Amino acid sequence: IDKSYASQFCEKGYQVIILEEWTKDQETEIEFDIHQRFYSKAQRALSLVLNKTKTNFNGLIGTSVGGLHASVAASSQNRLDAVFVITGGTPIAEVVVYSNQDAMKNLNVARKEKFQTTSDADQVNRISQAFSLEPYKLGDGFKTKDLGLSIAEKDTVVPIVQQNQLRNFWKKKKNRQKMDQKF
């Protein structure tokens with residue numbers, strides 16, 4: 001999907017960089033601070049790319065987990081001028097716990113067993129305590145950027161509730177297109 005977007009932007013004359021991986025991007029631990037490390041490393045990698053980019057306009061597009069990274073970057077990356085998120089959401093702690101993605105479901109089960117968490121709300125709370133990169137915790141840097149958001153109403157990886165919470169946080173009143181496919 002990233003290469004398809006990249007081709008379309010290149011055809012319009014934009015320079016495109018796809019950030020596919022970064023140092024130690026594969027976390028295998030199940031502790032609650034894993035998300036802080038994962039998102040921090042991604043933001044550092046994005047900062048390195050943006051600092052080496054010599055353009056007058058920098059945009060970022062992200063889908064699903066890439067959309068979560070983009071929603072963080074909207075407030076934390078000063079060199080960005082525009083951010084477009086496809087099926088991203090907030091709070092990220094809730095996305096992690098309520099996602100229907102197999103990896104997240106397995107992580108939640110493993111945490112319940114290892115850490116004796118009693119409920120999904122308990123897991124959200126424990127992740128939130130260890131995670132400072134929630135978009136709503138990062139201030140209003142997103143307000144200086146052109147923002148776009150595409151919501152997939154039947155997505156179960158990033159649930160619709162959290163997608164709408166990102167829309168409400170960004171105060172996006174108008175959706176141009178709603179996607180119906182299930183991811």
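In the block above lies the structure referred to throughout.
On a predicted model such as this, the values are computed, not experimentally measured, just so you know.

### With respect to helix α2 (residues 34–52)
And then number 1: Along its 19 residues, α2 runs 28 Å from first to last C-alpha, staying within 8% of the 27 Å computed at 1.5 Å per residue.
And then number 2: Along α2, the residues classified as buried are Ile34, His35, Gln36, Tyr39, Ser40, Lys41, Ala42, Gln43, Ala45, Leu46 and Leu50.
And then number 3: Contact partners of the buried residues in α2: β1 (59–63), α3 (65–76), α4 (92–98), α5 (102–115) and α6 (120–130).

### Regarding the packing of aromatic side chains
And then number 1: Summed over all chains, the structure comprises five aromatic pairs.
And then number 2: Taken together through their ring pairs, the aromatic side chains of Phe38, Tyr39 and Phe131 make up a single cluster.

### Quick notes on the environment of cysteine 10
And then number 1: On the secondary structure map, cysteine 10 appears in helix α1 (residues 2–11).
And then number 2: Taking the relative accessible area as the measure of exposure, cysteine 10 reaches 42% and is therefore partly exposed.
And then number 3: Taking the C-alpha atoms as reference points, cysteine 10 and aspartate 33, separated by 23 residues in sequence, lie 37 Å from one another.

### As for a nonpolar patch on the surface
And then number 1: Nonpolar side chains collect at one region of the surface, where Phe9, Tyr14, Val16, Ile18, Phe57, Ile61 and Phe84 lie side by side and expose about 580 Å² of accessible area between them.
And then number 2: Structurally, valine 16 is set in the loop between α1 and α2.

### Let's talk about the environment of valine 161
And then number 1: Here valine 161 is to be found in helix α7 (residues 160–170).
And then number 2: Once the C-alpha coordinates of valine 161 and valine 95 are considered, the two residues, 66 residues apart in sequence, prove to be 9.1 Å apart.

### So, the nonpolar core
And then number 1: Of all hydrophobic cores here, the largest spans 18 residues; its most connected members are Tyr39, Ile92, Ile127 and Phe131.
And then number 2: Sorting the residues of this core by element identifies α3, α4, α5 and α6 as the ones contributing at least two each.
And then number 3: Once residues within four sequence positions are removed from consideration, isoleucine 92 is found in contact with Tyr39, Leu68, Ser71, Val72, Phe131, Leu133, Glu134 and Pro135.

### Overview of the pairing of strand β3 (residues 146–152)
Look at any regular strand and the pattern is simple: side chains alternate between the two faces of the sheet.
And then number 1: Of all seven residues in β3, six are buried, a share of seventy percent or more.
And then number 2: Two strands pair when backbone bridges link them, and strand β2 (residues 82–86) and β3 are joined in this way by five bridges, in the parallel orientation. Bridged to isoleucine 86 within β3 is serine 150.

### Here we look at the environment of leucine 147
And then number 1: Its location among the elements puts leucine 147 in strand β3.
And then number 2: The exposure class assigned to leucine 147 is buried, which follows from its relative accessible area of 17%.
And then number 3: Residues leucine 147 and phenylalanine 84, spaced 63 residues apart in sequence, show a C-alpha to C-alpha distance of 5.7 Å.

The rules behind each value
- Residues numbered from 1 in each chain as written.
- Predicted model: local features only at pLDDT ≥ 70, side-chain atom pairs only at ≥ 80, totals over all residues.
- Heavy atoms only, no water.
- Helix = DSSP H or I, 4+ residues; strand = E, 2+ residues; numbered from the N terminus.
- Expected span 1.5 Å × (residues − 1).
- Buried < 20%, exposed > 50% of the residue type's maximum accessible area, 1.4 Å probe, protein only.
- Contact = heavy atoms within 4.5 Å.
- Phe/Tyr/Trp six-rings, centres within 6.5 Å; stacked < 30°, edge-to-face > 60°.
- Patch = residues over 30% accessible without salt bridge, like charges linked within 9 Å, V, L, I, M, F, W, Y side chains within 5 Å.
- Areas by Shrake-Rupley, 256 points an atom, 1.4 Å probe, with all protein chains shown as cover.
- Salt bridge = Lys/Arg side-chain N within 4 Å of Asp/Glu carboxyl O.
- Core = buried A, V, L, I, M, F, W, Y, C linked by side-chain atoms within 4.5 Å.
- Pairing = 2+ DSSP bridges.

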